[in-house]
Amino acid sequence: MTQQADIGLIGLAVMGQNLVLNMTDHGFKVAVYNRSPQKTEDFLAAEPENTHLIGTYSIEELVNSLKAPRKVMLMVKAGEVVDLFIDQLLPYLSEGDIIIDGGNSLYTDSERRTKTLQEKGIQFIGTGVSGGEEGARFGPSIMPGGNSAAWEAVKPIFQAISAKADNAPCCDWVGDGGAGHYVKMVHNGIEYGDMQLIAESYHLMRYGLGMSAKKCQKVFSKWNKGVLDSYLIEITAEILKFTDKDGEPLVDKILDAAGQKGTGKWTGISSLELGIPVTLITESVYSRCLSALKDERVKAQAHFGKPPKPLKLEKDDRKAMLKAIHDALYASKIISYAQGYMLMREAAKEFGWQLNYGGIALMWRGGCIIRSTFLGEIKNAYEKNPDLSNLLLADFFTKALEDSDENWRKAVTFAISQKIPVPALSSALAFFDGYKTANLPANILQAQRDYFGAHTYERVDAPRGEFFHTDWIQSGGRVSSTTYEV
Ligand code: 6PG
């Protein structure tokens, strides 16, 4: 076989197939391979006119059909399968060839793969690809990281097939090692947060205010024309429009037990490991876990009694409450993104990545699941001040939070009084209040730790880093402290 393909792709599931067609649309020749040959045959048979497609039936044939440096992209299940394919590829690859993993891999795996492959002279790229089937077909958001030496060879393909926002590709180099997959993981965490916020807002409308699915749909459609304009709000409105065979909203027939594949959980784990309070995303993961305990919840409702009936408000009051819910959603979304960016900043420090925060906002601006107008504002904030320490301190977001403050509290108070759980909306508010409180009650925690475990504490009237211990029991309430050298 002549070496004619620009890139090879392994794994012809939905995402893989769509990415391949996107590449051939842009004039790239793509060699494809799938573990089951039938899938390759079916795929080729469905594309009889596509002269840019090359079917291959062994790893060797795939590799031999590629131009040097060879680029092989894996679109297979994250985890062990990626390592299995890498092992199968290695005997056929030469120094400088590139393996790309486009699945939702754990960033530590990508970190490891970059290192071990580099030692073998093979360049590795671990890339986030977001946007589902349609994104993959017509323009996903692509977040590549790994071995930077490989980027120039892959860039023309990735930037051509990616979504565009303000004429710029939603794809750029993220950073070394696992940086691409880390940023994709945070993207997914934010996706969980956005979805949970929307679900809580819907819950308030539907069961707090007693609105029909159709009325909720109208509200979401309206919101999609303002500051909340985003893919997830848009599809929520679409979903609420959908009816089942009996004419009832399909959403009412869907069991309220959420699934998850793990990327939100990884974001929560990473936030705990790095000590960054990414409360909203983590609450969103827990909300999915709580929703999955369907049987227990049904029993508990029978035990504790039903939540109150929806509150029937006068038209103007209902309008005002809807505005409050809108503002609560918007403000909480700002908190969620600020937390996600805090996490990325800390991870960059920890792993030695040079992350371009405005660039990441641009990559998420189009093509991906969290695409929104809002991300344009984040990009602007970092463009104005690349050293911005926290998004909440950017003028635009400070003002948005101040403008939403009263309504945010109103919506959360309403939820509490109606016994409607709003963990994301309320934990975002608790974070905001905590973040801007100069004196928190952690002095009590420190005293308790010192009391029962001699864990020591710092004093407000001594330099940071100087630690004290009080013999709380022996001194009987009198001052008695000992300074420790740290
Ligand atoms: C994307 C999505 C995608 C993710 C699904 C399902 O960016 O296109 O994030 O990568 O796998 O949204 O995720 P959960 O099953 O964990 O909800």
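Preceding this paragraph is the structure being described.
Residues numbered from 1 in each chain as written. Predicted model: local features only at pLDDT ≥ 70, side-chain atom pairs only at ≥ 80, totals over all residues. Heavy atoms only, no water.

**Student:** Explain the side chain of Ser 130 here, please?
**Tutor:** Checked against the element boundaries, Ser 130 lands in strand S6 (residues 123-130). A distance of 3.3 Å separates a polar atom in the side chain of Ser 130 from a polar atom in the side chain of His 187. Beyond its immediate chain neighbours, meaning those up to four positions away, Ser 130 contacts Pro 140, Ser 141, Met 143, Lys 184, His 187, Gly 367, Cys 368 and Ile 369. (Helix = DSSP H or I, 4+ residues; strand = E, 2+ residues; numbered from the N terminus. Polar contact = N/O pair within 3.5 Å; in protein donor to acceptor, adjacent residues only side chain to side chain. Contact = heavy atoms within 4.5 Å.)

**Student:** Would you take a moment to explain helix H9 (residues 213-223) for this structure?
**Tutor:** Because an α-helix completes one turn every 3.6 residues, residues spaced three or four positions apart along the sequence face the same direction. Turning to H9, its buried residues are Ala 213, Cys 216, Gln 217, Val 219, Phe 220 and Trp 223. Along H9, the residues classed as buried sweep out an arc of 160° about the axis, all on the same side. Every exposed residue of H9 that faces more than 90 degrees away from the buried side is listed here: Lys 214, Lys 218 and Lys 222. Along its buried surface, H9 packs onto helix H8 (179-208), helix H10 (231-241) and helix H14 (315-351). (Buried < 20%, exposed > 50% of the residue type's maximum accessible area, 1.4 Å probe, protein only. Arc of directions from axis to C-beta.)

**Student:** Honestly, the pairing of strand S2 (residues 30-33) in this entry has me stumped. Any pointers?
**Tutor:** Two faces belong to every sheet, and in a regular strand the side chains alternate between them. The side-chain alternation of S2 yields two buried faces, one formed by Val 30 and Val 32 and the other by Ala 31 and Tyr 33. Pairing between strand S1 (residues 7-10) and S2: four bridges, direction parallel. Its bridge partner lying in S2, Ile 7 is registered against Val 30. In the classification by handedness, the crossover that spans S1, the intervening helix H1 (residues 14-25) and the parallel S2 is right-handed. Following the backbone out of S2, through helix H2 (residues 37-45) and into the adjacent parallel strand S3 (residues 53-55), one traces a crossover that is right-handed. (Pairing = 2+ DSSP bridges. Right-handed = clockwise from strand over helix to strand, strands pointing away.)

**Student:** Before we go on, may I ask you to explain the site of the ligand in this structure?
**Tutor:** Around the ligand sit 13 residues, and of these Asn 104, Ser 130, Glu 191, Tyr 192 and Arg 288 come closest. In this structure, Ser 130 approaches the ligand through a side-chain N or O atom, which is 2.4 Å from an oxygen atom. A distance of 2.8 Å separates an oxygen atom of the ligand from a polar side-chain atom of Lys 184. Across the complex, the protein chains shield 79% of the 410 Å² of accessible surface that the ligand would expose by itself. Top contributing element to the shell around the ligand by residue count: H8, with five residues. For the shell around the ligand, a count of residues per class yields two nonpolar, seven polar and four charged. (Near = heavy atom within 4 Å. Areas by Shrake-Rupley, 256 points an atom, 1.4 Å probe, with all protein chains shown as cover. Nonpolar A, V, L, I, M, F, W, Y, C, P; charged D, E, K, R; others polar.)

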